[in-house]
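# Inside the fold
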Amino acid sequence: MAQLIDGKQISKQIKDELKIEVQKLKEQGTGICLAVVQVGEDPASTVYVNNKKKACAYIGIESRAYELPETTSEEELVSLVEELNQDDSVNGILVQLPLPEHINEDRIIRTISPDKDVDGFHPVSVGRLWIGEKGFLSCTPAGIIQLLKRSGISIEGKECVIIGRSNIVGKPMAALLLRENGTVTIAHSRTRNLAEITRRADILIVAIGKERFITSEYVKDGAVVIDVGMHRDSENHLCGDVDFKDVEPRVSAITPVPGGVGPMTIAMLMNNCVETARR
């Protein structure tokens, strides 16, 4: 029976630790404020934004919501972000993605000050990560590192395979695993003989956006499997990129969907917000 890596429980541990730290900072006269900007009314984005506000309230930091209409221009959004950069009462800025098609996401990400970039998406944040400097870590990959560490799973010396090369998960995940002395391979849509590569993995991290794509033939016995995917199947059930029922009997540890990686992303966002005050 595989160890079930419980992201809900581990994320609660992290938020409880942050709650104590935030209280101590308040007693020293240091408050923390996160500005959350949402453009339009995408239902999934609204759910994510509400979850972020709840997490802020739970650990004791202020969240300031900027809910802008779908028709907001790119220049108007840039202007708001620049105002928030200059506002000393705001520690962190989060612009909820995706943005409407008429707004250039890359320009908005680059407009956020690297010192307030709690998502860890700014090129300066990415550069700091790759050269090992202190900076804001991408929340999902940072959450996966915490899932592994707090579940007693060592990374050092392990063969780690990531499927997916996105800027949000795959690439920063590789940098963080290298930082923990893992041996890292990134596979992607152009990789040949994928199953041969994934069967080498002691730790397999799957972030490809394809429902139940990874079956037991891709996984070696006793591996640790982290599933970053989130889908609704034909019966409206939530599932991941990994075929859980097929893979679980072969592995030593696995994340469920839901309740695995998802809760960790928001916990690590909260950690980045607190990091602004630690500095």
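See the structure printed just above.
What counts and what doesn't
- Residues numbered from 1 in each chain as written.
- Predicted model: local features only at pLDDT ≥ 70, side-chain atom pairs only at ≥ 80, totals over all residues.
- Heavy atoms only, no water.
- Helix = DSSP H or I, 4+ residues; strand = E, 2+ residues; numbered from the N terminus.
- Rg over C-alpha atoms; globule rule 2.2 N^0.38 Å.
- Buried < 20%, exposed > 50% of the residue type's maximum accessible area, 1.4 Å probe, protein only.
- Contact = heavy atoms within 4.5 Å.
- Phe/Tyr/Trp six-rings, centres within 6.5 Å; stacked < 30°, edge-to-face > 60°.
- Lys NZ or Arg CZ within 6 Å of the ring centre and 35° of its normal.
- Pairing = 2+ DSSP bridges.
- Axes fitted to C-alpha atoms, helices over the stretch in contact; angles between N-to-C directions.
- Left-handed = near helix turned anticlockwise from the far one by under 90°.
- Nonpolar A, V, L, I, M, F, W, Y, C, P; charged D, E, K, R; others polar.
- Salt bridge = Lys/Arg side-chain N within 4 Å of Asp/Glu carboxyl O.

### A short note on the overall build of the protein chain
- When helices and strands are counted, the protein chain shows 10 helices and 11 strands.
- For 279 residues, the compact-globule estimate of 2.2 N^0.38 gives 19 Å, and the protein chain sits close to it at 19 Å.
- If one aligns the C-alpha atoms of the protein chain with their principal axes, the spans along those axes are about 50 × 45 × 40 Å.
- Looking at the 279 residues of the protein chain, the share that counts as buried comes to 50%.
- When contacts within the protein chain are restricted to residue pairs at least 6 apart in sequence, long-range pairs at least 24 apart make up 70% of them.

### Topic: the packing of aromatic side chains
- Summed over the entire model, instances satisfying the criterion amount to one aromatic pair.
- Measuring from centroid to centroid gives 5.7 Å for Phe213 and Tyr218, while their planes differ by 40 degrees, and the two rings are tilted.
- Of note, Lys19 hangs over the ring of Tyr58, and the distance from its end group to the ring centre comes to 4.3 Å.

### Some points on the sheet that holds strand 3 (residues 62-68)
- Pairing within the open sheet is parallel, and its three strands lie in the order 3-2-4. The strands lining the two open edges of the sheet, one partner per strand, are strand 3 and strand 4 (92-95). Taken over all neighbouring pairs, the strand axes of this sheet differ in orientation by 15 degrees on average, direction set aside.
- Pairing between strand 2 (residues 33-39) and strand 4: four bridges, direction parallel. If you follow Val36 over to strand 4, its bridge partner there is Leu94.
- Lying on the sheet, helix 2 (residues 43-59) is in contact with strand 2, strand 3 and strand 4; it crosses strand 2 at an angle near 170 degrees.

### Here we look at the packing of helix 6 (residues 139-150) against helix 7 (residues 170-179)
- Interaxial distance between helix 6 and helix 7 falls to 8 Å at its minimum, and their mutual angle equals 40 degrees. Relative to helix 7, helix 6 is oriented so that their crossing is right-handed. Only Pro172, Met173, Leu176 and Leu177 of helix 7 make contact with helix 6, whose side of the interface consists of Pro141, Ala142, Ile144 and Ile145.
- Residue classes in the contact of helix 6 with helix 7 are distributed as eight nonpolar, no polar and no charged.

### Structural notes on the environment of Leu4
- The residue Leu4 is located in strand 1 (residues 3-4) in this model.
- Among the residues examined, Leu4 registers a relative accessible area of 51% and is labelled exposed.
- For the pair formed by Leu4 and Ile155, sequence separation is 151 residues and the distance between their alpha carbons is 17 Å.

### Side note on the pattern of salt bridges
- The final tally for this structure, using the stated rule, is 17 salt bridges.
- Lys149 is paired through a salt bridge with Glu180; the nearest N and O atoms lie 3.0 Å apart. Residue Lys149 is found in helix 6, and its partner Glu180 is found in the loop between helix 7 and strand 6 (183-187); the two are separated by 31 residues along the sequence.
- One salt bridge in this structure joins Asp233 and Arg212, with 3.1 Å as the shortest N-O distance. Placement of Asp233 in the loop between strand 9 (231-232) and strand 10 (238-239) and of Arg212 in the loop between strand 7 (203-206) and strand 8 (224-227) is noted, with a sequence separation of 21 residues between them.
- Its relative accessible area of 12% is what places Asp233 among the buried residues.
- When salt bridges with common partners are traced through the structure, they connect Glu21, Glu275 and Arg278 into a single cluster.

Purely geometric stuff here, so don't read any function into it on its own.
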